[in-house]
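# Structural description and commentary
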Amino acid sequence: MDEAIAVEAPHYRTEGFDNQRLCVVPRPQVEQALSKPVTRRLTVTDAGYFPAAAGHRMRRPQGARETIVLLCVAGSGTVVVEGDTFAVSAGTGLVIAAGAAHEYRASEATPWTIWWLHLRGTDVADLTAALGGGGQQTLQPRSLDRIVALFDELVTMLERRLSPAQLLAASGAATHLMTRLAADSVLPADGSALERAMRYLEARVDGSIQVAELAAIVQMSASHLSALFRETTGSGPGAFHTSLKMARARALLDTTTSTVTEIATAVGYSDPLYFSRHFRRVHGVSPSAYRADHKA
């Protein structure tokens, strides 16, 4: 682990917690991994799990060489990055950029349980940028159980042995973890207006609906709803609904013997010629040509 400055008070600790898991990759192996294909893009240098980490505190005035990902699953704590303070509680966390001065500590009243890892490699900046949020990326994953399972998988790999093959596998697990966090940062929360609007459209692939009508159903202005759709999906509600229709059309072309006319009706197009033109614009081929193309 990189050099850190621990606070002098004797009840503060940087590690050494009951039932902790701690993996540190020897730095010569890190440098070797960073010189090889695949792992040079992303290498895990340290990872661990600190349960009920009473007295945990870490201070790095010059920052760390690695990017740090910290996720709290119980209790609470505080993270200060470049003078900005973030309260961290169960189900939340933070990504600390390499080189950023920081300090973090567990709450004295409710010490946190955290999973954490350190990353280096050419893809780290792109992966953290995908989390959004500008300078400091806060984490609030929707699929917390999945994220914890990925942390556990990654730490388990590094606990077994530190061979090049294990570092390669850990790189894959870390990439999966980071992309899962990135997806969770834009996916709508369960029960939110955007999630309910998406569910409504998913249930009505064979129909059509105006944006104003959809907005009224979820009790939101049409402009705000459209903005949320663009932020999350890259396009508006209409384009999202069309993508659902096209996905259903592809499934029917691949798995049934239904005619193009029947499939057009099933996905809400009364005119099969219009459906075919639309399908071609999206896929570059006609529905018949798509069906004739062997997929496996």
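The shown structure was predicted, so the numbers you read here are calculated from the model rather than taken from an experiment.

## What about the overall build of the protein?
For the protein, the helix and strand inventory stands at eleven helices and ten strands. Here the C-alpha radius of gyration of the protein, 24 Å, is well above what a compact globule of 296 residues would show, namely 19 Å. By principal-axis analysis of the C-alpha atoms, the protein measures approximately 75 × 45 × 30 Å. Counting over 296 residues, the protein shows a buried share of 42%. In the protein, 72% of the contacts between residues at least 6 apart in sequence involve partners at least 24 apart. With the model as given, the accessible surface of the protein reaches about 14700 Å², and the carbon-plus-sulfur share is 52%. Of the charged side chains in the protein, 29 are positive and 29 negative, and the gap between their average positions amounts to 6 Å.

## A closer look at the sheet that holds strand β2 (residues 43-50)
With antiparallel pairing, six strands are arranged side by side in an open sheet as β1-β2-β9-β4-β7-β10. With partners counted over all chains shown, the strands left at the sheet margins are β1 (21-24) and β10 (137-139), one partner each. Averaged over all pairs of adjacent strands, the angle between their axes in this sheet comes to 15°, without regard to strand direction. Here strand β4 (residues 67-74) pairs with strand β9 (residues 113-120) via seven bridges, running antiparallel. By the bridge assignment, isoleucine 68 is partnered in β9 with histidine 118. Along the sheet face, helix α4 (residues 164-186) touches β2, β4, β9 and β10 and points at about 115° away from the line of β9.

## Some thoughts on helix α7 (residues 222-233)
Its twelve residues place the ends of α7 16 Å apart at the C-alpha level, agreeing with the 16 Å of an ideal helix rising 1.5 Å per residue. Of the positions making up α7, those classed as buried are Leu225, Ser226 and Phe229. With its buried residues spanning 100° around the axis, α7 presents them on a single face. Residues of α7 that are exposed and angled more than 90 degrees away from the buried face: Ser223 and Glu231. Buried residues belonging to α7 abut α5 (193-202), α6 (211-217) and α8 (237-255). Glycine 234 lies just past α7 and shows a positive phi near 90°.

## Concerning the packing of aromatic side chains
Per the counting criterion, the structure on display carries ten aromatic pairs. Arranged with centres 6.3 Å apart and planes meeting at 50°, the rings of tyrosine 104 and tryptophan 112 form a pair that is tilted. The burial state of tyrosine 104 is the same as that of tryptophan 112; both residues are buried. Taken together, a centroid distance of 5.4 Å and an interplanar angle of 55° make the contact between phenylalanine 229 and phenylalanine 240 tilted. Here the residue phenylalanine 229 occupies a position in helix α7, and phenylalanine 240 occupies one in helix α8, the gap between them amounting to eleven residues. This pair shows no difference in class: phenylalanine 229 is buried, exactly as phenylalanine 240 is.

## Comments concerning the nonpolar core
Core analysis: the biggest nonpolar cluster contains 33 residues, and Val69 and Leu119 have the highest contact counts within it. Looking at this core, the elements with two or more residues in it are α1 (27-33), β2, β4, β9, α2 (124-129), α3 (144-160) and α4. The element that contributes the greatest number of residues to this core is α4, accounting for eight residues. Within the second largest apolar cluster, 26 residues are counted, among which are Leu201, Ala215, Phe240 and Tyr269.

## Comments concerning the pattern of salt bridges
With the rule as written, the count across this model stands at twelve salt bridges. Among the salt bridges present, the one from glutamate 159 reaches arginine 21, with a minimum N-O distance of 2.9 Å. A residue pair is termed long-range when its members are at least 10 positions apart, and glutamate 159 in helix α3 and arginine 21 in strand β1 qualify at 138 residues. One salt bridge in this structure joins glutamate 202 and arginine 199, with 3.5 Å as the shortest N-O distance. Remark: arginine 199 and glutamate 202 occur in helix α5; sequence separation between them is three residues, near one turn of the helix. Salt bridges here are not isolated pairs; linked through shared partners, they connect Arg21, Asp152 and Glu159.

## Considering the environment of serine 223
Here serine 223 shows up in helix α7. For the pair serine 223 and alanine 170, spaced 53 residues apart in sequence, the C-alpha to C-alpha distance is 43 Å.

## Some points on the confidence of the model for the protein
When pLDDT is averaged along the protein, the result is 90; 94% of the residues meet or exceed 70. Below a pLDDT of 50 lies the segment residues 1-10, which in the model reaches 24 contacts outside its immediate sequence neighbourhood of four places, other chains included.

## Section: α5
Spacing of three or four residues puts side chains on the same side of an α-helix, whose turn is 3.6 residues. Of the residues making up α5, those classed as buried are Ala193, Leu194, Glu195, Ala197, Met198 and Leu201. Of the surrounding secondary structure, the elements contacted by the buried residues of α5 are α6, α7 and α8.

Conventions used here
- Residues numbered from 1 in each chain as written.
- Predicted model: local features only at pLDDT ≥ 70, side-chain atom pairs only at ≥ 80, totals over all residues.
- Heavy atoms only, no water.
- Helix = DSSP H or I, 4+ residues; strand = E, 2+ residues; numbered from the N terminus.
- Rg over C-alpha atoms; globule rule 2.2 N^0.38 Å.
- Buried < 20%, exposed > 50% of the residue type's maximum accessible area, 1.4 Å probe, protein only.
- Contact = heavy atoms within 4.5 Å.
- Areas by Shrake-Rupley, 256 points an atom, 1.4 Å probe, with all protein chains shown as cover.
- Lys, Arg positive; Asp, Glu negative; His and termini not counted.
- Charge placed at Lys NZ, Arg CZ, Asp CG, Glu CD.
- Pairing = 2+ DSSP bridges.
- Axes fitted to C-alpha atoms, helices over the stretch in contact; angles between N-to-C directions.
- Expected span 1.5 Å × (residues − 1).
- Arc of directions from axis to C-beta.
- Phe/Tyr/Trp six-rings, centres within 6.5 Å; stacked < 30°, edge-to-face > 60°.
- Core = buried A, V, L, I, M, F, W, Y, C linked by side-chain atoms within 4.5 Å.
- Salt bridge = Lys/Arg side-chain N within 4 Å of Asp/Glu carboxyl O.
- pLDDT = per-residue confidence, 0-100.

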